[in-house]
Amino acid sequence: MFTREEALGLVEGADPVDLFGPADPDRREQAHRLYRGLVAALHPDRVAADDVRAHAASADLTRLYHEWQHTGPVVLRTARGSYRVAARHAVGSVANVYLTDGPHVVKVVRNPALTPLLRAEWDALRLLGRFTDEHTWLRPYYPRLVDTGDVGRGERAFTVLEPLVDGFVTLADVRRAFPGGLDGRDYAWMHRRLLRAVAGAHRAGLVHGAIVADNVLVHPEQHGIVLAGWSFAVAAGQPPLATAKSVDYPPEVAAGRPLTPATDVHMAHALMLDLLAEDEIRQRRFAAGCVQDVPERRPDAADLLDEYDELLDELYGARVFRPFALPDTKGA
Ligand SMILES: Nc1ncnc2c1ncn2[C@@H]1O[C@H](COP(=O)(O)OP(=O)(O)OP(=O)(O)O)[C@@H](O)[C@H]1O
Ligand SMILES: [Mg+2]
């Protein structure tokens, strides 16, 4: 049984596939049960007569269920292939990421007006793809573009990507799992790799522009880091196409200046300060030097690679593999 709040949370603003899952015949029973449960929670007998929100949601629910029953499975097509959308995997700042019935995931922009951001990401990922063909050691740090679905006005563009699903979490998940902040020895491998991703992008001439916890994918078991979420990327020195409400920008971006590699350096180290435990004094001091207000005073990512390794050497000596797991997945 759902409460009124739970039902409103599920129904308001939903689209049929988000609410009921992929439009597959074998999900009919499950969808019907969910529909019945929500109908009951929003039923006029259960909510107040003047509960306008619940009445509107109830009408939406009927429409959503009708649409779900009458849409075939969502199949996204490009000149190169077709991708049948399955369960939703994640909700991002501008797009949703869905599993497919094949080996890939698709990232579908929620608002067609934001298609230019997806196109910007295609440019960035293509550039990184070419760059890492040459600099192969950087390959693991970036998402791999498989295919793109460009569209006309009012339709939703999408990106087909290699999946980063099994064993991956985001740095936002990591932060939630460790509310007291991370041990410096755990953050050490994450930050070393993030710095490589950032320095590599800068060498390729790109600024990521949105280095936040949601855009850093972490493979705890394999100590993997992938810098995802390239929709806000630009060539170094260009103004951002847009800014995201969910992102805390360095002062120069808030002041309307273009994005430079120093912008990424600031964001990566604001993230570091956010993730590290309070008593990681030396690492926090390192990060503080990289979040100075004046972009020119921040070190280059390429120089930071060595400086960070020196700091880690001093703090912990020779590197040893230190297993890392999220608390609720430990022992799983
Ligand atoms: N290739 C992938 N495989 C699996 N999950 C992914 C992949 N890429 C992204 N994700 C997940 O989906 C979420 C949203 O993706 P992404 O960050 O690319 O979209 P966005 O936030 O809408 O756009 P952007 O970050 O480019 O502005 C990520 O936070 C991550 O959890
Ligand atoms: Mg994102």
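Every value quoted in this text rests on a predicted model; they were computed, and no experiment measured them. (Residues numbered from 1 in each chain as written. Chains lettered and ligands numbered in written order. Predicted model: local features only at pLDDT ≥ 70, side-chain atom pairs only at ≥ 80, totals over all residues.)

Would you take a moment to explain the site of ligand 1 for this structure?
Of all residues adjacent to ligand 1, which total 25 residues, the nearest are Ala90, Gly92, Ala95, Gly229 and Ser231. Contributions of two or more residues to the shell around ligand 1 are made by β2 (82-91), β3 (95-100) and β4 (105-109). When its residues are assigned to classes, the shell around ligand 1 shows 14 nonpolar, seven polar and four charged. (Near = placed C-beta within 6 Å. Helix = DSSP H or I, 4+ residues; strand = E, 2+ residues; numbered from the N terminus. Nonpolar A, V, L, I, M, F, W, Y, C, P; charged D, E, K, R; others polar.)

How should I be thinking about the sheet that holds β3 in this particular structure?
One key point about sheets: their strands pair by backbone hydrogen bonds, in either a parallel or an antiparallel sense. Here we have six strands laid out as an open sheet, ordered β1-β2-β3-β4-β6-β5, and antiparallel in their pairing. Bordering the open sheet on either side are β1 (75-77) and β5 (145-149), each of which pairs with just one other strand. Strand-to-strand twist of the sheet, defined as the mean angle between neighbouring strand axes without regard to direction, takes the value 35°. Relative to strand β6 (residues 158-161), β5 runs antiparallel, the two sharing four bridges. Across the sheet, the residue bridging to Asp147 is Val160, located in β6. (Pairing = 2+ DSSP bridges. Axes fitted to C-alpha atoms, helices over the stretch in contact; angles between N-to-C directions.)

Sorry, what's going on with the packing of helix α7 (residues 184-203) against helix α11 (residues 301-316) here?
Packed helix pairs are specified by the crossing angle of their axes together with the interaxial distance, meaning the distance between the axes. In the contact formed by α7 and α11, the axes pass within 9 Å of each other and the chain directions differ by 165°. Of the possible angle classes, the one that applies to α7 and α11 is roughly antiparallel. Seen from above, α7 lies across α11 with left-handed handedness. Only Ala301, Ala302, Leu304, Leu305, Tyr308, Leu312, Leu315 and Tyr316 of α11 make contact with α7, whose side of the interface consists of Gly184, Arg185, Ala188, His191, Arg192, Leu195, Arg196, Val198, Ala199 and His202. Of the residues belonging to the contact of α7 with α11, the class tally is 12 nonpolar, three polar and three charged. (Parallel < 35°, antiparallel > 145°, perpendicular 65-115°, else oblique. Left-handed = near helix turned anticlockwise from the far one by under 90°. Contact = placed C-beta atoms within 7 Å.)

How should I be thinking about the domain arrangement of the protein in this particular structure?
Many authors give the size of an interface as the accessible area that is lost as the parts come together. Along its sequence, the protein is organised into domain 1 (4-70), domain 2 (75-161) and domain 3 (169-329). Averaged C-alpha coordinates put domain 2 and domain 3 at centres separated by 23 Å. On the side of domain 3, 22 residues touch domain 2, which itself brings 19 residues to the contact. Counted by class, the side of domain 2 that touches domain 3 contains 15 nonpolar, three polar and one charged residues. (Domains from an automatic or database assignment.)

How do you make sense of the sheet that holds strand β7 (residues 169-170) when you look at a structure like this?
Spatial ordering of the open sheet is given by β7-β9-β10, a layout of three strands whose pairing is antiparallel. Among the strands making up the open sheet, the edge pair consists of β7 and β10 (224-227). The pairing of strand β9 (residues 216-219) with β10 spans four bridges and is antiparallel. Residue pairing for β10: His219 is matched across the bridge by Gly224. Of the strands in this sheet, β9 and β10 touch α7, which is tilted by about 35° from β10.

Which parts of the structure should I look at to understand the pairing of β3?
Two faces belong to every sheet, and in a regular strand the side chains alternate between them. With respect to burial, β3 is a largely interior element, five of its six residues being buried. Sheet topology note: the β2/β3 ladder contains four bridges and is antiparallel. Bridged to Val91 within β3 is Asn96. Once β3 ends, the chain turns through four residues before running back antiparallel as β4. (Buried ≥ 20, exposed ≤ 12 C-beta atoms within 10 Å, placed from the backbone.)

Could you clarify how one ought to interpret the environment of Leu19 in this entry?
Inspection of the secondary structure assignment puts Leu19 in helix α2 (residues 16-20). Residue class for Leu19 comes out buried when judged on the 21 C-beta atoms lying within 10 Å of it. If near-sequence neighbours (up to four positions away) are discounted, Leu19 is found in contact with Leu10, Val11, Ala14 and Leu64.

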